[in-house]
Structure formats: C-alpha cells, structure tokens
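Commentary on secondary and tertiary structure
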Amino acid sequence: MTQSPRQISIPRGTHDILGPQAPLWEKLEASARRVLTYYGYSEIRTPIYEDVALFKRSLGDTSDVVNKQLLELKSSTEDEGLALRPEGTAAVVRSYIENNNDKKEPLSKLFYVGPMFRGERPQKGRLRQFHQIGVEAIGPQAASPLLDAEVLALAMHLLKECGVQTPKLLLNTLGSVEDKQHVSVFLRDAFNQRRDLLCEDCRQRFERNVFRVLDCKKPPCKAVVAEVLGNQGLPLSAESTAYFDKVKASLTDLNIPFTIAPHLVRGLDYYTHTVFEITSEGLGSQDAVGAGGRYSGLLHQLGADPKTEFSAIGFAVGVERILLASGQTEGIVKGLDAYMVVMDHVFSARAFNLIQQLRLAGISADMSYNGASMKSQLSRANKLSARFALILGEDEMKSEKIAVKDMTASTQEIIDQKDLVNYLTTRLK
Ligand code: HAM
C-alpha cells in the first residue's frame, strides 16, 4: 500500500488570514490609510528582504532583533547575505538615502503597511510573521518638537480609528547622540559598582549595551535601576531636556494624555531623544500595540550626506495586536450582490453570460458550475450572503425573463433579462 504524502503545516508563529478575517484586515488598513493621509503621509513599498548589513548597522549588533531573531536567507545568486526585514525603519531610511529624497523635499512623510519577520518564540501577540503599519518622517527639517507631537498624535488617532479604545502612551527621552554617549559612561560606572546585584542577562547586557539594563523586568535589576536613577530620567543636557519639555507641552496642548516612563529605552539601537510605547489592556505580557521614537543619528550611520543635518521620527503599530486589543475577532462577512440559480444545467451558458454582464457593470455575482440541485444552489446563495438570487427556469428561458428573489425581504419579481443590470444597479443603491 502506498503511503499518502506527509501533510505540510503552516510554519510556527505565522497565520493564514481566512474567510471573514480578510475583509476585517482590509477595513482596518483602509481606516489607517485614511488617517495617514489626514497628516500628509504617502505610501512607500520596500522589498521584504534587504542586505543583512542594513539591519546589523541600524538596529545594532547587540539588539535581540539582530542577535537572536534575524531570519537570514540562503541565496545562490547573491554574494551578500540577505535577511527578511524584522521592521520597516531601516529599509525606509536606506531608500530615502538611495533616492536622494533630501534633494527633493525638506521633509519626507512616508508610511508602510506589510509583513515583518522575527524568529521569536511564538506566544499570544508575538509572531514570527506579523504585520506593521508604520510611519517615518525624515529630513533636514525634521528636528522639531512639534513633529514629535504630530507623530504621537497620529499614532493615537490611528489606533483609536482602528478600534483600540483606550491606548496608553508611555513616553521618555534618551537625549541626543552625545547625551547617549555620556549617559552610557554614567550608567556603566553606576552599574559596575552594583554588578553582583544584576541578573545574569543584565551582566551580559551591561557589557554589550548598558541601556538594556534599564528595561529589565526582574525585581533585583529594577531595584538597582531605581537606586541609580531614582525617579529621575536619564541625566541629559539642558538642550535635550528643553526639547523634551516642548514635546510634552505640545501634547498637553493637544489634550493627549501621556505617562512619563523614565526607564523606557526600547530594544533597537537607533533611538535618540523622544521614545515611546503605546500599550493597551488585555494584551497580556506583549502589551505594546505600537512603539517608536526619534532617531537622529541613523541617517549618517547609513551613509547619508555628512554635510547635511538630518533627523527623523517614526513609529509602527502591530496589526495582530490591534485586532487583539480591540477585540475584533469575528471578522466581516462580505456578501455577494447576486447568486444565479439555474433550474436545469442546460441553462448554464445563458446564466454564465448574464452574470458576466453583471460583473462588468460592477455587480458582484456568482453561480455554480457543476449542475448542483436547486436546493443546494439556493443554500449556496444563503451561505454567500447573496442579496439577490437570480432564478433561471424553463419559462424564463423561453420568455427571456429572469426571476429576481430578494433574499432579505423574501419577495420575488420577474423582469426582462435585458433589464437585469439596470434593475439590480437601482436596487443595490
Ligand atoms: P517595535 O517596537 O519593534 O518597533 O515594533 C513595533 C510594533 O510592532 C510593536 O509595538 C508590536 O505591536 C509589533 N510587533 C513587534 N514584534 C512583534 C511580533 N513578534 N509579533 C507581533 N507583533 C509584533 C519597530 O519595529 C520600529 N521600527 C518602530 C519605529 C518606526 N521606530 C521608528 N520608526
């Protein structure tokens, strides 16, 4: 006996988006796109894989995303290593530089929608292929606290429009590139004196990127951080503090509530100045529905013209987490306008011609092609939530008419086949 071939399953940490889920995604993306245009953002589509060096240089060699989660591709055609994108910022900056955007406009406001890939241990809200809606505002004129406030206002607006009722904004500042260097020396010194109190992970983090210690959730490390920083933020220059004060004042002016999170540092290396996370209840341990911040040094790090001063700020929200947070699990059933029911299979050619006329007129229509019984054709019309069943029997064939059954009102009319398009167009308005 021959063995049936092994059934192939979906890869771990990925999902099919099925049936009524797809229209739900479509609606969510349409809402997001609408809000993004209110703020003057236009879409950018970059490849889903890039030179692995792009991610190493931008996200940082020591970040978990690069260290543990990059999904690298084996390619026989490329000399360089390639990796599936774990996030969108690096590629947008790569494209910005490569296409000389700064010569075309003082500020580029770009958004993207699409899948990202991280080799994480899957759990609720944490996937290996997930989807982000992200924005990046980049340019020589991007260094304004008003732009920070705008990006934060946009993030909150977008999340609410996508169904997240009570997003909570957590805010911090890491200061300028120079501040980060000073703070790094300060923290290293302070933690070095308390090294034995730190957890094993933090002792390693301490060597590779001291900022990560601030993020540790373990009580002994939290105690050390509290002792070192107290309730204060990081020790920053007066200029950086003043910048952050202006961001906060603008948010207050816009009535956007926020909570200062002095230990929020984020897991990617490129951040400077304003950093933020937006959380939502009901997401469990993966409660960030979106996150982002300013990244002043990244453009030069990736090869932008050293004579020009650049700044940038952006964020990304996770579509799967938005759906979890907003409790939208049901999906949306998109009904068909009309389903053709033939009383005898020999009428199929005529029926087929009629439904094609409907489709060309912008009316969604379908039929069965395999000689199914009347009963099963009608139940299919129900299953597809068809608004009308179009019934073609012997009498209708002879008189060139068709019976139109309104499936919701359960009423029926007989009309001329040649009037079908006009009739349905009017009824569907
Ligand atoms: P991130 O915090 O790594 O930032 O990701 C942003 C959002 O993507 C998260 O808040 C979460 O909603 C979603 N997300 C991340 N990883 C996963 C996962 N494994 N499964 C499901 N959802 C996930 C960034 O990616 C930055 N590029 C954001 C940014 C843009 N910063 C500046 N510009």
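What counts as what
- Residues numbered from 1 in each chain as written.
- Predicted model: local features only at pLDDT ≥ 70, side-chain atom pairs only at ≥ 80, totals over all residues.
- Heavy atoms only, no water.
- Helix = DSSP H or I, 4+ residues; strand = E, 2+ residues; numbered from the N terminus.
- Rg over C-alpha atoms; globule rule 2.2 N^0.38 Å.
- Contact = heavy atoms within 4.5 Å.
- Lys, Arg positive; Asp, Glu negative; His and termini not counted.
- Charge placed at Lys NZ, Arg CZ, Asp CG, Glu CD.
- Pairing = 2+ DSSP bridges.
- Axes fitted to C-alpha atoms, helices over the stretch in contact; angles between N-to-C directions.
- Buried < 20%, exposed > 50% of the residue type's maximum accessible area, 1.4 Å probe, protein only.
- Phe/Tyr/Trp six-rings, centres within 6.5 Å; stacked < 30°, edge-to-face > 60°.
- Lys NZ or Arg CZ within 6 Å of the ring centre and 35° of its normal.
- Near = heavy atom within 4 Å.
- Polar contact = N/O pair within 3.5 Å; in protein donor to acceptor, adjacent residues only side chain to side chain.
- Areas by Shrake-Rupley, 256 points an atom, 1.4 Å probe, with all protein chains shown as cover.
- Nonpolar A, V, L, I, M, F, W, Y, C, P; charged D, E, K, R; others polar.
- Core = buried A, V, L, I, M, F, W, Y, C linked by side-chain atoms within 4.5 Å.
- Patch = residues over 30% accessible without salt bridge, like charges linked within 9 Å, V, L, I, M, F, W, Y side chains within 5 Å.
- Salt bridge = Lys/Arg side-chain N within 4 Å of Asp/Glu carboxyl O.

Quick notes on the overall build of the protein
- Tallying secondary structure elements over the protein gives 16 helices and 16 strands in all.
- Relative to its length of 429 residues, the protein is extended, with a C-alpha radius of gyration of 28 Å against a globular reference of 22 Å.
- Principal axes of the C-alpha set define a box for the protein whose edges measure 95 × 65 × 45 Å.
- Sequence-distant contacts in the protein: of pairs separated by 6 or more residues, those separated by 24 or more amount to 69%.
- Counting 52 positive and 52 negative side-chain charges, the protein places the averaged centre of each group 4 Å from the other.

Quick look at the sheet that holds strand β16 (residues 411-416)
- Across the sheet, which stays open at both edges, the five strands sit in the order β13-β12-β14-β15-β16 with mixed pairing between neighbours. Where the open sheet ends on each side, the last strands, each with one partner, are β13 (365-367) and β16. Adjacent strand axes in the sheet meet at a mean angle of 25 degrees when their direction is disregarded.
- For strand β15 (residues 401-406) and β16, the ladder comprises six bridges, and the chain directions are antiparallel. By the bridge assignment, Lys401 is partnered in β16 with Asp416.
- Contacts from helix α13 (residues 348-360) reach β12 (338-342), β13, β14 (388-392) and β15, with the element oriented near 165 degrees to β13.
- Contacts from helix α14 (residues 374-383) reach β12 and β14 within the one sheet, and its direction differs from that of β12 by about 180 degrees.

Some thoughts on the environment of Ala381
- Structurally, the position occupied by Ala381 is in helix α14.
- The contacts of Ala381, once residues within four sequence positions are left out, are Tyr339, Ala386 and Met407.

What about the pairing of β14?
- The element β14 is extensively covered by neighbouring structure, given that five of its five residues are classed as buried.
- Of the two faces of β14, both are covered, the one formed by Phe388, Leu390 and Leu392 as well as the one formed by Ala389 and Ile391.
- Both β12 and β14 contribute to a ladder of five bridges, which runs parallel. Within the sheet, the bridge partner assigned to Val341 lies in β14 and is Ile391.

Brief notes about the packing of aromatic side chains
- What the rule picks out here adds up to four aromatic pairs.
- Ring geometry for Phe352 against Tyr369: centres 5.8 Å apart, planes inclined by 85 degrees, an arrangement best described as edge-to-face. With Phe352 in helix α13 and Tyr369 in the loop between β13 and α14, this residue pair connects regions lying 17 residues apart in the sequence.
- What makes Phe352 partly exposed here is its relative accessible area of 42%.
- Joined through ring pairs, the aromatic side chains of Tyr270, Tyr271 and Tyr295 make up one cluster.
- One cation-aromatic arrangement involves Lys180 over Phe211; the distance from NZ or CZ to the ring centre is 5.7 Å.

Quick notes on the site of the ligand
- The environment of the ligand is made up of 27 residues, and the closest members are Glu87, Glu120, Glu136, Arg266 and Tyr271.
- Within the backbone of Gly290, an N or O atom sits 3.4 Å from an oxygen atom of the ligand.
- Protein chains bury 96% of the 660 Å² of accessible surface belonging to the ligand in isolation.
- Per-element tally for the shell around the ligand: the top contributor is strand β10 (residues 288-294), with six residues.
- For the shell around the ligand, the class distribution of residues is 12 nonpolar, eight polar and seven charged.

Looking at the side chain of Glu87
- Among the structural elements, Glu87 can be located in the loop between β4 (82-84) and α4 (89-98).
- Within polar-contact distance, the side chain of Glu87 engages the backbone nitrogen of Ala90 at 2.8 Å.
- A polar atom in the side chain of Glu87 sits 2.5 Å from the side chain of Tyr270.
- Setting aside its immediate chain neighbours within four residues, Glu87 contacts Phe55, Leu59, Met116, Arg118, Gln132, Leu268 and Tyr270.

Notes on the nonpolar core
- In terms of nonpolar packing, the biggest core is built from 57 residues, with Leu187, Phe191, Leu214 and Leu299 touching the most fellow members.
- Counting 42 residues, the second largest nonpolar core, distinct from the first, contains Leu171, Ile256, Val317 and Val319.

Describing a nonpolar patch on the surface
- A cluster of nonpolar side chains, contributed by Ile48, Tyr49 and Leu73, occupies part of the molecular surface with about 250 Å² of accessible area.
- Along the chain, the position of Leu73 falls in strand β3 (residues 72-73).

Digging into the sheet that holds strand β7 (residues 168-173)
- Ordered in space as β1-β5-β6-β11-β10-β9-β7-β8, the eight strands form an open sheet in which the pairing is mixed. What marks the edges here is a single partner per strand, and that holds for β1 (42-43) and β8 (259-260).
- Relative to strand β9 (residues 272-279), β7 runs antiparallel, the two being bridged by six bridges. Across the sheet, Leu171 pairs through a bridge with Phe276, a residue of β9.
- Where α4 meets the sheet, it contacts β5 (108-117) and β6 (129-139), and its direction lies at approximately 40 degrees from that of β6.

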